[in-house]
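The chain contents come next:
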Amino acid sequence: MTIDKESLVKDLIDLVGEENIIFNDDQLKHYGLDPFNQTHKPFLVVKLSKISHFKRLNFILRRYKIESITPRGCGFGINLGAYSEDLIIDLTLLNQKIELDTQTLTVKVEAGVRYTKLQKILNENGYRLPIEPILDGTIGGFIATGGYGYGSYQFGSLMNLLRSTSIVLSNGQIIQSGNINTPPYSCGYNLNSLICGSEGYFGIITDAVLEITPIALESHNLLLKIPADVDLMPILSKLAIISTIHHISLYKGLIDTTQDSTNLLIRLEGPPEILEQDKSFIEAMPDITFSKYEMANKLWDNRILEPSHTPKASIIIEAIVPISTLSQFLKFWKIYNSPTFFGTLINPSSALLYTFFPPEIPNVETVMETFVEKSHKFQMHPPTIGHLIKKFVEQFHPNLEYLKRLKPIFDKIHRLKVRKLQF
Ligand SMILES: Cc1cc2nc3c(=O)[nH]c(=O)nc-3n(C[C@H](O)[C@H](O)[C@H](O)COP(=O)(O)OP(=O)(O)OC[C@H]3O[C@@H](n4cnc5c(N)ncnc54)[C@H](O)[C@@H]3O)c2cc1C
């Protein structure tokens, strides 16, 4: 059935104004260009800036029998979850509300708020979100992609800080997952774990309540260099006994491009006397050399990146890799024009690793196939269901079937579905 796009555009302009609709072909093509220069031409793009917009939008889209929609933040997500031929709901204008509650140590924030805006307001009041994204995307996108980042070594995923979200379901109903007054680790029914990391499959996050902490009073940044022939596992296991580690990130081929060594950026936070002890312990570890403190501090101060700061790549693969196979994993891929690597340790025993395959690699498909094929060998798995490689997700997400069965419950009226699970 063809959709009367002209009338639909008129109705949407009536709802949000002409400046908040993209319907011109060239603009749509530009909007649909992903980080790997592939084009995904959306049907239309509508930017919403108020909660009241959602209800009316739902009526409009049902009237025109729009089958499927895709929520989008800044479009930085590796798995291209925000790119499709659907109608795109752009949430970057839903960015006004930031409500700090110093009594409950929580912050309520609208989904379209970009991370650095939230960080600035929190820091000005002496607080912070203890888990930070790598790229300055939206809070909604960070939650929808599972929310690992700086500070995950100490705090895990954003799921551990997520009190509640408000979600727009396919029938326009707005529900709340979790509970504002209940810490995330409390037992009982909590839909947060369904929303966090599911890339918007079950509904659109409009706002969230997250736990915050006071800014750390004392800290140290250390930048370590580990020669290529030294196994990372014993070093990372030894570091696991250190209580003041807030964050560890890994760089290969990004900082020291002349050598094949691996760099670790370690952030220590805690009482001064323990910090000194732990710093001396790390500095006494064998097989490691240290860069100047200034360099470590500079790297930490510039940790939140713009996409233009990330390495050019024909494909980026994101996987959670246990530290036991990390060195093998890094060595294995050298044959593919020595990709570069960036990762964050999401706990003492596993890393969320991004492998950047250089633009000139011969055949992306072969890399993908090899990646799936070797996944057992490295015991790695994808962090979200939106992962690029279908086979990879099917192989590593045994609950996919249940998620598929759960989805219709969220899509009660089968009219307006947040992107179908295409497996
Ligand atoms: C080099 C590099 C390193 C990265 N490291 C990390 C990392 O360590 N940890 C990490 O979490 N991410 C990482 N990312 C991925 C990316 O930065 C994050 O996923 C980012 O937080 C996404 O935010 P965004 O606003 O750009 O989301 P988008 O890309 O716009 O969306 C991401 C996904 O979430 C869905 N979505 C977006 N907004 C909503 C909403 N309001 N409601 C429901 N669904 C929604 C989209 O449909 C899409 O599936 C990395 C990316 C790069 C390039």
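Computed from a predicted model, the values in this text were never measured in an experiment.

Enquirer: Would you mind going over the overall build of the protein with me for this structure?
Expert: Tallying secondary structure elements over the protein gives 15 helices and 19 strands in all. Seen along its three principal axes, the alpha-carbon backbone of the protein occupies a region of about 70 × 55 × 40 Å. The buried share among the 423 residues of the protein stands at 55%. Partitioning the intrachain contacts of the protein with sequence separation of at least 6 by distance along the chain shows that 68% fall at a separation of at least 24. Surface accessibility of the protein: about 18800 Å² in total, with carbon and sulfur atoms responsible for 54%.

Enquirer: What am I meant to see in the packing of aromatic side chains here?
Expert: One pair of aromatic rings is described through two measures. These are the centre distance and the angle between the planes. According to the stated counting rule, one finds 10 aromatic pairs in the structure shown. Note that lysine 5 overlies the ring of phenylalanine 43, its terminal NZ or CZ placed 4.6 Å from the centroid. Here the basic side chain of arginine 72 rests over the ring of tyrosine 83, its NZ or CZ set 4.3 Å away from the ring centre.

Enquirer: Before we go on, may I ask you to explain the side chain of serine 84 in this structure?
Expert: Turning to its location among the elements, serine 84 is positioned in the loop between strand S3 (68–72) and strand S4 (87–90). According to the relative accessible area criterion, serine 84 is buried, its value standing at 9%. Within the local environment of serine 84, its side chain forms a polar contact with the side chain of threonine 70, the two groups lying 2.7 Å apart. Of note is the side chain of serine 84, whose polar atom sits 3.0 Å from the backbone nitrogen of aspartate 86. What serine 84 contacts, discounting residues up to four positions off in sequence, is His40, Lys41, Pro42 and Thr70.

Enquirer: Looking at this structure, how should I read unusual backbone geometry?
Expert: Most peptide bonds take the trans form, and the phi angle of most residues other than glycine is negative. Not every positive phi belongs to a glycine, and leucine 105 is a case in point at roughly 50°. As for its placement among the helices and strands, leucine 105 is situated in the loop between strand S5 (98–101) and strand S6 (106–110). For leucine 105, a relative accessible area of 30% gives the class partly exposed. In the Ramachandran plot, glutamate 199 falls in the positive-phi region, its phi being about 55° despite a non-glycine side chain.

Enquirer: Can you help me understand the site of the ligand in this one?
Expert: By nearness alone, 33 residues border the ligand, and Pro71, Gly73, Thr138, Tyr148 and Glu199 come closest of all. At 2.8 Å from an oxygen atom of the ligand is found a main-chain nitrogen or oxygen belonging to glycine 75. Here glycine 77 contributes a backbone N or O atom positioned 2.7 Å from an oxygen atom of the ligand. Here the ligand, which alone exposes 970 Å², has 98% of that area covered by the protein.

Enquirer: Hey, could you run me through the domain arrangement of the protein in this one?
Expert: The parts lose accessible area when they come together, and the size of an interface is often stated as this lost area. According to the domain assignment, the protein consists of domain 1 (5–91), domain 2 (98–214) and domain 3 (219–395). Spacing between the C-alpha centres of domain 2 and domain 3 amounts to 25 Å. Contacts between the two partners involve 25 residues from domain 2, matched on the other side by 26 residues from domain 3. Counting each side, the surface lost to burial between domain 2 and domain 3 is near 2100 Å², with a carbon and sulfur contribution of 61%. Run the count over domain 2 and domain 3 and you get three salt bridges. Across the pair glutamate 306 and arginine 114 runs a salt bridge, and its minimum N-O distance is 3.7 Å. Seen at the junction of domain 2 and domain 3, the total is eight residue pairs in polar contact (both at pLDDT 80 or more). Residue assignment for the side of domain 2 that touches domain 3 shows that the elements contributing at least two residues are helix H4 (115–124) and helix H6 (152–155). Per element, the largest residue contribution to the side of domain 2 that touches domain 3 is four residues, and it comes from H6. A per-class count over the side of domain 2 that touches domain 3 returns 10 nonpolar, 10 polar and five charged.

Enquirer: Would you explain the pairing of strand S12 (residues 219–226) in this entry?
Expert: Taken residue by residue, a regular strand's side chains alternate between the two faces of the sheet. In terms of strand pairing, S12 meets strand S14 (residues 262–269) through eight bridges, oriented antiparallel. What sits directly across from serine 219, in S14, is glutamate 269. Where S12 lies against strand S15 (residues 289–290), two bridges are found, and the strand directions are antiparallel. The partner of leucine 224 across the bridge, within S15, is phenylalanine 290.

Enquirer: Explanation requested: the pairing of strand S16 (residues 315–322) in the structure shown.
Expert: Across the eight residues that make up S16, a large majority, eight, are buried. Alternating positions in S16 separate into two faces, Ile315, Ile317, Ala319 and Val321 on one and Ile316, Glu318, Ile320 and Pro322 on the other, with burial throughout. When S16 meets strand S18 (residues 350–357), the two strands line up antiparallel, connected through eight bridges. Within S18, the residue paired with isoleucine 316 across the bridge is phenylalanine 356.

Criteria and thresholds
Residues numbered from 1 in each chain as written. Predicted model: local features only at pLDDT ≥ 70, side-chain atom pairs only at ≥ 80, totals over all residues. Heavy atoms only, no water. Helix = DSSP H or I, 4+ residues; strand = E, 2+ residues; numbered from the N terminus. Buried < 20%, exposed > 50% of the residue type's maximum accessible area, 1.4 Å probe, protein only. Contact = heavy atoms within 4.5 Å. Areas by Shrake-Rupley, 256 points an atom, 1.4 Å probe, with all protein chains shown as cover. Phe/Tyr/Trp six-rings, centres within 6.5 Å; stacked < 30°, edge-to-face > 60°. Lys NZ or Arg CZ within 6 Å of the ring centre and 35° of its normal. Polar contact = N/O pair within 3.5 Å; in protein donor to acceptor, adjacent residues only side chain to side chain. Near = heavy atom within 4 Å. Domains from an automatic or database assignment. Buried area = accessible area lost by both parts, 1.4 Å probe. Salt bridge = Lys/Arg side-chain N within 4 Å of Asp/Glu carboxyl O. Nonpolar A, V, L, I, M, F, W, Y, C, P; charged D, E, K, R; others polar. Pairing = 2+ DSSP bridges.

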